[in-house]
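Breakdown of the fold
The residues making up each chain are set out below.
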Amino acid sequence: MPLTLQQLNAAGGDEAVRLLDGVYEHSPWIAEAALAHRPFRSLAHLKCVMAHVVKEAGPDAQLALVQAHPELAGKALVAQTLTPESTGEQHQAGLATCTPDEYARLQQLNAGYNARFGFPFILAVRGPRGTGLSRGEIIATFERRLDNPPDVELAEALRNVHRIAELRLNDKFGIEPVVGNMVWDQLQDLARHSDPGYREQGQLTVTYLTEAHRQVAARITQHMRDSGFDEVGMDAVGNVVGVYHGSGAGERRRLLTGSHYDTVRNGGRYDGRLGIFTPMACVRELSRQGRRMPYDIEVVAFAEEEGQRYHATFLGSGALIGSFDPAWLDQKDAQGVTMREAMRHAGLPGTLEAIAALRRDPKRYLGFVEVHIEQGPVLTECDLPLGVVTSINGGVRLRCEIIGMASHAGTTPMDRRRDAATAFAELALYVERRARQDGDSVGTIGMLDVPGGSINVVPGRCVFTLDLRAPNDPQRDAMVKDVLAELAAICERRGVRHTLEQTMQVAAAPSAPAWQALWEQAVADLGVPVFRMPSGAGHDAMKLHQVMPQAMLFVRGQNLGISHNPLETTTSDDIQLGIEAYLRLLEQLAAKAPA
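One structure accompanies this document, and this report is about it. Throughout, a residue's number is its position along its own chain's written sequence, starting from 1. Selection of residues for local features in this predicted model requires a pLDDT of at least 70, selection of side-chain atom pairs for listing and counting requires 80 or more, and totals for whole chains, interfaces and linings are taken over all residues. Remark: hydrogens and water are excluded; side-chain values derive from all non-hydrogen atoms of the structure.

1. Side note on the overall build of the protein chain
Going by this rule: In this description a helix means any DSSP run of H or I spanning at least four residues, a strand means any run of E spanning at least two, and both kinds are numbered starting from the N terminus. For the radius of gyration, the atoms used are the C-alpha atoms, and the globule rule reads 2.2 Å times the number of residues raised to 0.38. When a residue's accessible area, from a 1.4 Å probe over protein chains only, is under 20% of the maximum for its type it is buried; when over 50% it is exposed; and in between it is partly exposed. Any two residues whose heavy atoms approach within 4.5 Å are treated as being in contact. Per-residue and other accessible areas were derived by the Shrake-Rupley procedure at a 1.4 Å probe size, with only the shown protein chains allowed to occlude residues. Working convention for charge: Lys and Arg count positive, Asp and Glu count negative, and His plus the chain ends are omitted. Where a charge lies is defined by one atom per residue type: Lys uses NZ, Arg uses CZ, Asp uses CG and Glu uses CD.
Within the protein chain, the secondary structure is distributed over 22 helices and 16 strands. Compactness check: the protein chain gives a C-alpha radius of gyration of 26 Å against a globular reference of 25 Å for 595 residues, within 12% of the reference. Its C-alpha atoms give the protein chain principal-axis dimensions of about 75 × 75 × 45 Å. Within the protein chain, buried positions represent 53% of all 595 residues. In the protein chain, the share of contacts with a sequence separation of at least 24, taken over all contacts with a separation of at least 6, comes to 77%. Accessible surface, the protein chain: about 25,200 Å² in total, of which carbon and sulfur atoms supply 52%. Counting 60 positive and 72 negative side-chain charges, the protein chain places the averaged centre of each group 3 Å from the other.

Structural data, given as structure tokens:
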């Protein structure tokens, strides 16, 4: 019979430790320390407490925990001396039936890894879905992580230890993230559709109104219908809109929610799309129960957020607040196709009148909420599955040029140079220091060029970009002011000059306090620690923020939280928690009985 929380909470000390035997490999001290935090309110609470025990144990205990794990396809597997849990996991991954070449490669990797790091390679071979990685995926991950710095790799090993423990706890308690698995599978299936040139390489790229984009829209439309939405359709810019009616007669106010389904080039499977399928799963559950809320739920799969095919970022969500730029219709893509032509080819009207009609009346809406994969390392480093967003950072982007004097690298004395590149280098280090000064501010130099540069020429020009972001506008503006003042001072001191062009400025979008509180309560109800954090990335919520209250929930990413990358992933367990938090938010709104 599966273990229950009631049994665990009521058991005596030694019996409780025995009930958790095998969760962490050869490390009963974790269970012993975690049990001091009883009663556990949920399985998620237990998982978080055990991860926290490891975090607080210190580096020596953490290293010992990692070293307690066996190698993959190592001597212990061959000698059949693994724990029952490790035996099952390695057999499920097919590591007991490797081909001779695979076995030889794994032994080579094990030897190289141990020589480099001094501990065995740890990987949750059951994977993010719990059904197992292929041997090819295991070997590819092994090869990739060999390049990590030692401190990064130890942390990644520990995170995989926690994932192994999570899956073992699921087994003990007979728990399966059924809805999280469904959404994970849906997102995997959706990733089959990709633009030509990327699809052939197994890469995911879906840009505005391409064939792949239209295929994704069709799949989302069908999923909405299957989930029980009362109204499903595509609007004049390609947004897929589903409405689940509330209870009672007459016009009801609506909860607006959703995210985008386009991608960056060679991107990930969860960016944007998780925020569509999470509320869709909630509507499916409400429909299954035959329940109606005292408000409508309107889920919008925004057609465009990334600005990849046309320079029209947030086109989908912007259309809902009346910020569609008429000039966009005449923009041409790399093949010379205007946006108007692309719209008409996709069966959309391609007229300003039809697009203007999409503007929502904010009075009809309660607010906007969005779920999103974090796209960063913070939650995974904190061993937390969910994060409540406090604000979406405001940002300023600039294109800058430093102009010095090109001269001979061999004959120009060091004290006579007007080197544009070294002036830039000094600024780059200042940007790093200045952004760190604020804690949550970030500064990035994403593009750098020395036009006409040569190995034996002192650089006469340096062209670069600045991307400066902060959780609120005054903090952002203060950083911009300081960076530009430093740039001017560096140039004056070094005898060079500079030019600036601001290419973008976007206001910060602080979460509405009442709506942020709803997410916080929803997370707390799951037994998960409430963790508040800003969003460094932009989201559709930034646009809706201009006309209605908004708040966001982040779901932890795996692989160091990387995003805009094929390695972007999350687990079906974390997806499940995001869905459960969302359902609790819906219940809180229902309790308020909005008119």
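Now that the structure has been shown, we can carry on.
2. Things to note about the environment of histidine 45
Counted only if it meets this: A 3.5 Å cut-off defines polar contacts: any pair of N or O atoms within that distance qualifies, except that in protein one atom must be a possible hydrogen donor and the other a possible acceptor, and neighbouring residues in sequence count only when both atoms are side-chain atoms.
Inspection of the secondary structure puts histidine 45 in helix 4 (residues 43-57). Separated by 480 residues in sequence, histidine 45 and aspartate 525 have C-alpha atoms that sit 10.0 Å apart. Here histidine 45 is in contact with His37, Pro39, Phe40, Leu526 and Gly527, once residues within four sequence places are set aside. A polar side-chain atom of histidine 45 sits 3.0 Å from the main-chain amide nitrogen of arginine 41.

3. Quick notes on the packing of aromatic side chains
Rules: Centres within 6.5 Å make a pair out of two Phe, Tyr or Trp rings, where for Trp the six-membered ring is used; the pair is then stacked when the planes are under 30 degrees apart, edge-to-face when over 60, and tilted otherwise.
Evaluated as defined, the whole model comprises 10 aromatic pairs. For the ring pair tyrosine 113 and phenylalanine 119, a centre distance of 5.8 Å and an interplane angle of 75 degrees mean the geometry is edge-to-face. Pairing tyrosine 113 with phenylalanine 121 gives two aromatic rings, centres 5.3 Å apart and planes at 75 degrees, and the pair type is edge-to-face. Both residues of the pair, tyrosine 113 and phenylalanine 121, count as buried. Cluster of aromatic residues (ring-pair linked, three or more members): Tyr113, Phe117, Phe119, Phe121 and Phe142.

4. Description of the pattern of salt bridges
Selection criterion: By convention in these notes, a salt bridge is any Lys or Arg side-chain nitrogen within 4 Å of a carboxyl oxygen on Asp or Glu.
For the coordinates displayed, the defined rule picks out 40 salt bridges. Linking glutamate 251 and arginine 364 is a salt bridge whose minimum nitrogen-to-oxygen distance equals 3.9 Å. Linking glutamate 251 in the loop between strand 2 (240-244) and strand 3 (254-260) with arginine 364 in the loop between helix 16 (352-356) and strand 5 (365-373), this pair joins segments that are 113 residues apart in sequence. Assessed through its relative accessible area of 67%, glutamate 251 is described here as exposed. Take arginine 364: its relative accessible area is 26%, and that puts it in the partly exposed class. Across the pair arginine 397 and aspartate 467 runs a salt bridge whose closest N-O atoms are separated by 3.3 Å.

5. Notes on unusual backbone geometry
For the bond running from arginine 38 to proline 39, omega is 5 degrees, close enough to zero to count as cis. With respect to the helices and strands, proline 39 occurs in the loop between helix 3 (28-34) and helix 4. The backbone phi angle of asparagine 266 is positive, close to 55 degrees, even though this residue is not glycine. Residue leucine 560 is not a glycine yet carries a positive backbone phi of 65 degrees. Take leucine 560: it is sitting in the loop between strand 16 (550-555) and helix 22 (572-592).

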